[in-house]
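Here are the chains, one letter per residue:
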Amino acid sequence: GFLIASNAADGPILPAPFYSSPGIYVEGNFTWTRLSFGAGARAGRAADVFFEYTSVMTVYPGDVLTLRLPGFNASSFATVRVAGWAIALSREANSTTLLVSVSATQTHTAMRATVIAIPRSATVALPRVGVQANQSDLTVAARCVAGSVREAPIMSTAPLGSLLSLAVTFPPPDG
C-alpha cells in the first residue's frame, strides 16, 4: 500500500498507511448510463429527459458531463439549474446534434446511481423520427478532476416511436 509522511515545521508525521482516498484516476469510467424520457413524451416535442449514471469516480463541482444527442433539438439555449447541476444546451457546428453540457454544482459520490432530470422547460425536443432502443450514436463524455471519460455510447436508451407515414396498398386486380 501507499504511505504518507511529513516533515512539517509544526511537527513531523512518521510514515503511515492510507486507509482511503477520494478515488483519483488517470481515466474515469461509467459503469452504467441510461437515457429515458418522462411520461407522455412524444417524438418531435419537448419532454422531460432523464440521464442516469453510475461512475467509478466522484464528480466534483465544476466537472462537466456532455451528452451528444443527434436529431434532438431545443428552442431555448438558456442555462437551467436543477438539484446539483447546471445544464447548458448548444448545437454542434454544422449539424443537427444537440450538445447537453451538465456541470456539477455539488459533489456526486462515486459508485452511486445518480439521476439528472432535465425538465421539459429546458426545451429539449426529441427527434421527429423517434429514438431507437440503445441507439449507439447517443453518447456521453466526462471532463472530471477525479478521472475523465472519453466519449462513448450511452449504454441503455429508452425507445420512443414515431409513425411518419401510413399507407395501405393493394395488388392490382388480375385481368
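Residues numbered from 1 in each chain as written. Predicted model: local features only at pLDDT ≥ 70, side-chain atom pairs only at ≥ 80, totals over all residues. Heavy atoms only, no water.

Undergrad: Any chance you could explain the overall build of the chain here in plain terms?
TA: Each helix and strand counted, the chain has 0 helices and 14 strands in total. Seen in sequence order, the chain has helices and strands lined up from the N terminus as β-β-β-β-β-β-β-β-β-β-β-β-β-β. At 22 Å, the chain has a C-alpha radius of gyration far larger than the 16 Å of a compact globule built from 175 residues. Along the longest, intermediate and shortest principal axes, the C-alpha atoms of the chain span 105 × 35 × 30 Å. (Helix = DSSP H or I, 4+ residues; strand = E, 2+ residues; numbered from the N terminus. Rg over C-alpha atoms; globule rule 2.2 N^0.38 Å.)

Undergrad: Would you take a moment to explain the pattern of salt bridges for this structure?
TA: It is possible for side chains of opposite charge to pair when their charged atoms get near one another. Taken as a whole and assessed by the stated rule, the structure comprises 3 salt bridges. We note a salt bridge from Arg 34 to Glu 52, for which the minimum N-O separation is 3.9 Å. Of this pair, Arg 34 sits in strand E3 (residues 30-37) while Glu 52 sits in strand E4 (residues 49-55); the two residues are 18 residues apart in sequence, bridging distant segments of the chain. Note that Arg 68 and Glu 151 form a salt bridge whose closest N and O atoms lie 3.9 Å from each other. Pair noted here: Arg 68 is in strand E5 (residues 64-70) and Glu 151 is in strand E13 (residues 149-153), with a separation of 83 residues, a long-range link. Residue class for Arg 68 comes out partly exposed when judged on its relative accessible area of 24%. On the basis of relative accessibility, which here comes to 47%, the residue Glu 151 falls in the partly exposed class. (Salt bridge = Lys/Arg side-chain N within 4 Å of Asp/Glu carboxyl O. Buried < 20%, exposed > 50% of the residue type's maximum accessible area, 1.4 Å probe, protein only.)

Undergrad: For this particular structure, what's the right way to read the pairing of E13?
TA: The side chains of a regular strand alternate between both faces of the sheet. Here 3 bridges tie strand E12 (residues 139-143) to E13, and the two strands are oriented antiparallel to one another. Within E13, the position partnered with Val 140 by the bridge is Ala 152. Here E12 hands over to E13 after 5 residues, with Gly 147 in that stretch at a positive phi of 135°. (Pairing = 2+ DSSP bridges.)

Undergrad: Explain the environment of Ser 95 to me, please; I cannot follow it from the model alone.
TA: Relative to the helices and strands, Ser 95 is located in the loop between strand E8 (85-91) and strand E9 (97-104). According to the relative accessible area criterion, Ser 95 is partly exposed, its value standing at 26%. Within the structure, the side chain of Ser 95 is placed 3.2 Å from the backbone oxygen of Glu 92, a separation counted as a polar contact. (Polar contact = N/O pair within 3.5 Å; in protein donor to acceptor, adjacent residues only side chain to side chain.)

Undergrad: Whenever I open this one, the pairing of E5 confuses me. Can you help?
TA: Burial analysis of E5 places 5 of its 7 residues in the buried class, the great majority of the element. Where E5 meets E9, 7 bridges bridge the pair, whose relative direction is antiparallel. Looking at the pairing, Arg 68 lines up with Leu 99 of E9. Of the strand pairs in this sheet, E5 and E12 are connected by 5 bridges, and their pairing is antiparallel.

Undergrad: What exactly am I supposed to notice about the nonpolar core here?
TA: Across soluble globular proteins, nonpolar side chains have a tendency to be buried as a group. Among the nonpolar cores identified, the biggest contains 38 residues, and Leu 35, Phe 37, Phe 51, Leu 65, Phe 72, Val 100 and Ile 116 are the most heavily contacted of them. The set of elements that each furnish at least two residues to this core consists of E3, E4, E5, E8, E9, strand E10 (114-118) and E12. Here this core gets 4 residues from one element, more than from any other, and that element is E9. Apart from residues no more than four positions distant in its own chain, Leu 35 is found in contact with Val 49, Phe 50, Phe 51, Leu 69, Phe 72, Leu 138, Ile 154, Ser 156, Thr 157 and Ala 158. (Core = buried A, V, L, I, M, F, W, Y, C linked by side-chain atoms within 4.5 Å. Contact = heavy atoms within 4.5 Å.)

Undergrad: I would appreciate a short explanation of the sheet that holds E13 in the present structure.
TA: Each strand in a sheet pairs with its neighbour through backbone hydrogen bonds, running either in the same direction (parallel) or in the opposite one (antiparallel). Strand order in the open sheet formed by 6 strands is E7-E8-E9-E5-E12-E13, with antiparallel pairing between adjacent strands. Each edge of the sheet is formed by a strand with only one pairing partner; in this case those strands are strand E7 (80-82) and E13. Each strand axis lies, on average, 20° off the axis of its neighbour in the sheet, ignoring direction. (Axes fitted to C-alpha atoms, helices over the stretch in contact; angles between N-to-C directions.)

Undergrad: Would you mind showing me how to read the side chain of Thr 97 here?
TA: Within the secondary structure, Thr 97 sits in strand E9. For Thr 97, the contacting residues outside a window of four places in its chain are Arg 68, Leu 69, Pro 70, Gly 71, Ser 90, Arg 91 and Glu 92.

Undergrad: Looking at this structure, I do not really get the side chain of Thr 33. What am I missing?
TA: Structurally, Thr 33 is set in strand E3. For Thr 33, a relative accessible area of 1% translates into the label buried. A polar side-chain atom of Thr 33 sits 2.8 Å from the main-chain amide nitrogen of Met 155. With residues up to four places along the chain from it excluded, the contact list for Thr 33 reads Phe 51, Glu 52, Tyr 53, Val 140, Pro 153, Ile 154, Met 155 and Ser 156.

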